[in-house]
Amino acid sequence: MLNSRRGALFAAVSSASIVLSSIAGPAWSETLADAIALAYDSNPTLQSQRALQRALDESWVQARTGFRPSASATVRGTYQELRTPGAGPGRSITENNAGSAVLSLNQPIYTGGRVAASVSGAEADILAGRENLRRVETQVLGQVILAYVDVRRDIEGLRIRQENVKVLRRQLEESKARFDVGEITRTDVAQSEARLAAAIAQLQSSQAQLDISRSNYRATVGQTPGDLAPEPSLAALMPATIDQAYDAAESDNGQIRAAQYNEQSSRANVAQSRAERMPTVSLQGSVGFSGIASPLHTEDYARSLTGAAVVTVPLFSGGLISSRIRSAVERNNADRIGVETARRSVQQGLTQAWSSLIAARGNIDATDQQVRAARIAAEGVHQEQQVGLRTTLDVLNAEQELRSAELAQINARHDEYAAAASVLAQMGRLEASHLTPNVPHYDPRANYNSLRMTWGWTPWEEPIAIVDGIGTPKITEKPLRSSPALGVPTPK
């Protein structure tokens, strides 16, 4: 089944790749949209969280059963042998048997708000679970993006190291030729050999780092990376100022939203604990048959029919209910404080990510200038060496500075993209619906909606739920802010 879903998914990804890729690459290149779509469909962490959310959806059905009737049947067969001790003929043995069948029904009419509060708590827990699912999705997509840019950075780094080895090999050959004609000393040749050996060691380290990044990519995405196209710009999703980022995080960040729903859940638990003091009303009925089991003659069975309206009023619990109420209130206090804790944590993470983004953008400009200057300097030193104004060491140093500048440049671009993704994650905007808008996305509401009328549903539970829910806290779902999808123009 998963393979068939992957086939359909990659068909949709072909169009999503066009939307996602702002920098055109070869038609056969694997894009970031491909990686995101595959991980979204097959990542085991994400799949596991979706299964947990579907299991959590069942808590709503389980809570609603408190409004529904329950029925049980009991069938009993007994045999009795009575031996009376005595001597001779005075000893007697008496045998008898009996059978009975009872069908019992119970329909709650009013639970004092217990069941209504339990349903509200389940609804809040489900909403909190959806936010946790969004957080896991954000984490997985962040890992995909980081793995993608890591591989691209390491490929570029390996290319620079390979070019460095080629240049130093030519430099060594040139040094040996000049040494043979007496233009330079053995020291110059040794310096070239040392730099070449160091470059080869760095090349091997770069290859190892690329292999590590490829393995991380495979673990996250589900396949070994091929030829990766340049990553698209995230500018369409980025806020203009950090204040806008704070506002978006307040509305959309999954950690804050989950904390708010947890507070609503514990508030419902307070109402449920207080409802333990309220009376309950239920209708009960039973029908039973009893008689001799063997021989079986049902027409001779006695029949009993019972119906009752039962009102139960709790009078004294030894302080148990009061203790439960106090405990639930304090848990709600802790959850209410937890909302502020989550808000501060998100603001801290967002500030750090934004600062890293600003620094990385500055580094890109600086390293671009550094590369241009280092390239001009290296060309100049080579030319000056030809006329005897520069030594071999000067050439080697100039080449090393150029390679260092090129490596710093690709690292700065890598860090800027990773920081931008981190900002979006803290804002709650790093989602597949924003990154791959043309690919079908998992909707956790679909499973929940399918459970509203499953086996066991009764038409009269709705009016019972309305009466039972009077005075019970209602769960409020916060809407998510709309955000432009990547590649979709932002309305002006």
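### Considerations on the overall build of the protein chain
Each helix and strand counted, the protein chain has twelve helices and four strands in total. Radius of gyration (C-alpha) of the protein chain: 37 Å, far over the 23 Å computed for a compact globule of 492 residues. Referenced to the eigenvectors of the C-alpha coordinate spread, the extents of the protein chain come out at roughly 140 × 65 × 45 Å. Within the protein chain, the proportion of its 492 residues that are buried is 40%. Partitioning the intrachain contacts of the protein chain with sequence separation of at least 6 by distance along the chain shows that 84% fall at a separation of at least 24. Here the protein chain has roughly 26200 Å² of accessible surface; of this, 55% comes from carbon and sulfur atoms. In the protein chain, the 50 positive side-chain charges and the 51 negative ones have mean positions that sit 6 Å from each other.

### Concerning the pattern of salt bridges
The final tally for this structure, using the stated rule, is 25 salt bridges. The closest approach of N and O atoms between E461 and R64, which form a salt bridge, is 2.9 Å. Placement of E461 in helix α12 (residues 461-468) and of R64 in helix α3 (residues 44-64) is noted, with a sequence separation of 397 residues between them. A relative accessible area of 7% means that R64 is categorised as buried. Where E276 meets R114, a salt bridge forms, and the shortest distance between an N and an O atom there is 3.5 Å. On the criterion of sequence distance, the pair formed by E276 in the loop between α7 (254-274) and β3 (280-291) and R114 in helix α4 (residues 114-180) is long-range, its members being 162 residues apart.

### A look at the sheet that holds strand β4 (residues 302-312)
Taken in spatial order, the four strands of this open sheet run β1-β2-β3-β4, and their pairing is antiparallel. Two strands lie at the open edges of the sheet, namely β1 (70-84) and β4, each paired on one side alone. Going from strand to strand, the sheet's axes swing by 20 degrees on average, the running direction of each strand aside.

### Comments concerning the nonpolar core
If you look at soluble globular proteins, the nonpolar side chains tend to sit buried side by side. Judged by nonpolar contacts, the single largest core of 48 residues is most densely connected at V144, Y217, V423 and L435. At the level of secondary structure, the elements contributing two or more residues to this core comprise α2 (32-42), α4, α5 (186-221), α6 (242-252), α7, α8 (320-386), α9 (392-427) and α10 (432-435). Sequence-distant contacts of V144, defined by excluding residues within four places in its chain, comprise L32, A35, I36, A39, T220 and V221. In this structure, A63, A116, A122 and A465 belong to the second largest nonpolar core, which totals 13 residues.

### Some details on the packing of α7 against α8
Where α7 meets α8, the axes come as close as 8 Å, and the angle between the chain directions of the two elements is 170 degrees. In terms of orientation, α7 and α8 fall into the roughly antiparallel class. Here the contact of α7 with α8 is composed, by residue class, of ten nonpolar, nine polar and eight charged.

### Let's talk about α8
In this model α8 runs 95 Å from its N-terminal to its C-terminal C-alpha over 67 residues, within 8% of the 99 Å that 1.5 Å per residue would give. Residue G388 follows α8 closely and has a positive phi angle near 85 degrees.

### Focus: the packing of aromatic side chains
Aromatic ring pairs are defined here through the distance separating the ring centres and the angle between the ring planes. Using the criterion set out here, one finds two aromatic pairs in the structure. Each ring, one from W60 and one from Y448, has its centre 5.6 Å from the other, and the planes form 65 degrees; the classification is edge-to-face. Residue W60 is located in helix α3, and its partner Y448 is located in helix α11 (residues 444-450); the two are separated by 388 residues in the primary sequence. Note on accessibility: W60 and Y448 belong to one class, buried. Aromatic pair Y148 and Y217: ring centres 6.4 Å apart, planes at 40 degrees, arrangement tilted. Placement of Y148 in helix α4 and of Y217 in helix α5 is noted, with a sequence separation of 69 residues between them. The two residues Y148 and Y217 agree in class, both being buried. The cationic tip of R50 hangs over the ring face of Y40; the distance from NZ or CZ to the ring centre is 4.5 Å. For the cation-ring pair, R130 lies above Y448, with the distance from its terminal atom to the ring centre recorded as 5.2 Å.

### Some details on the confidence of the model for the protein chain
Of the residues in the protein chain, 91% have a pLDDT of 70 or more, and the chain-wide mean is 86. Per-residue pLDDT stays below 50 along residues 1-28; that stretch engages in 42 contacts with residues further than four places along the chain or on separate chains. Of the regions scoring below 50 in pLDDT, residues 488-492 engages in two contacts with residues more than four places distant in sequence or in other chains.

### Brief notes about the packing of α6 against α7
Running from amino to carboxyl end, α6 crosses α7 at an angle of 40 degrees, the nearest separation of the two axes being 6 Å. In terms of orientation, α6 lies oblique with respect to α7. Contacts between α6 and α7 involve A249, E250, S251 and D252 from the former and G254, I256, R257 and Q260 from the latter. Partitioning the contact of α6 with α7 into residue classes produces two nonpolar, three polar and three charged.

### With respect to α3
Spacing of three or four residues puts side chains on the same side of an α-helix, whose turn is 3.6 residues. With 21 residues, α3 should reach 30 Å at 1.5 Å per residue; the first-to-last C-alpha distance of 31 Å fits that figure. Restricting attention to buried positions, one finds in α3 the residues L46, Q49, R50, Q53, D57, W60, V61, A63 and R64. Elements that come into contact with the buried residues of α3 comprise α2, α4, α11 and α12.

### Topic: a nonpolar patch on the surface
On the surface, a cluster of nonpolar side chains totalling about 520 Å² of accessible area is made up of V311, V313, L315 and F316. Tracing the backbone shows F316 in the loop between β4 and α8. Under the relative-accessibility criterion, F316 is labelled exposed at 76%.

### As for the side chain of D150
With respect to the element layout, D150 can be found in helix α4. For D150, the residues in contact, after removing those within four places along its chain, are S213 and H414.

Parameters and conventions
- Residues numbered from 1 in each chain as written.
- Predicted model: local features only at pLDDT ≥ 70, side-chain atom pairs only at ≥ 80, totals over all residues.
- Heavy atoms only, no water.
- Helix = DSSP H or I, 4+ residues; strand = E, 2+ residues; numbered from the N terminus.
- Rg over C-alpha atoms; globule rule 2.2 N^0.38 Å.
- Buried < 20%, exposed > 50% of the residue type's maximum accessible area, 1.4 Å probe, protein only.
- Contact = heavy atoms within 4.5 Å.
- Areas by Shrake-Rupley, 256 points an atom, 1.4 Å probe, with all protein chains shown as cover.
- Lys, Arg positive; Asp, Glu negative; His and termini not counted.
- Charge placed at Lys NZ, Arg CZ, Asp CG, Glu CD.
- Salt bridge = Lys/Arg side-chain N within 4 Å of Asp/Glu carboxyl O.
- Pairing = 2+ DSSP bridges.
- Axes fitted to C-alpha atoms, helices over the stretch in contact; angles between N-to-C directions.
- Core = buried A, V, L, I, M, F, W, Y, C linked by side-chain atoms within 4.5 Å.
- Parallel < 35°, antiparallel > 145°, perpendicular 65-115°, else oblique.
- Nonpolar A, V, L, I, M, F, W, Y, C, P; charged D, E, K, R; others polar.
- Expected span 1.5 Å × (residues − 1).
- Phe/Tyr/Trp six-rings, centres within 6.5 Å; stacked < 30°, edge-to-face > 60°.
- Lys NZ or Arg CZ within 6 Å of the ring centre and 35° of its normal.
- pLDDT = per-residue confidence, 0-100.
- Patch = residues over 30% accessible without salt bridge, like charges linked within 9 Å, V, L, I, M, F, W, Y side chains within 5 Å.

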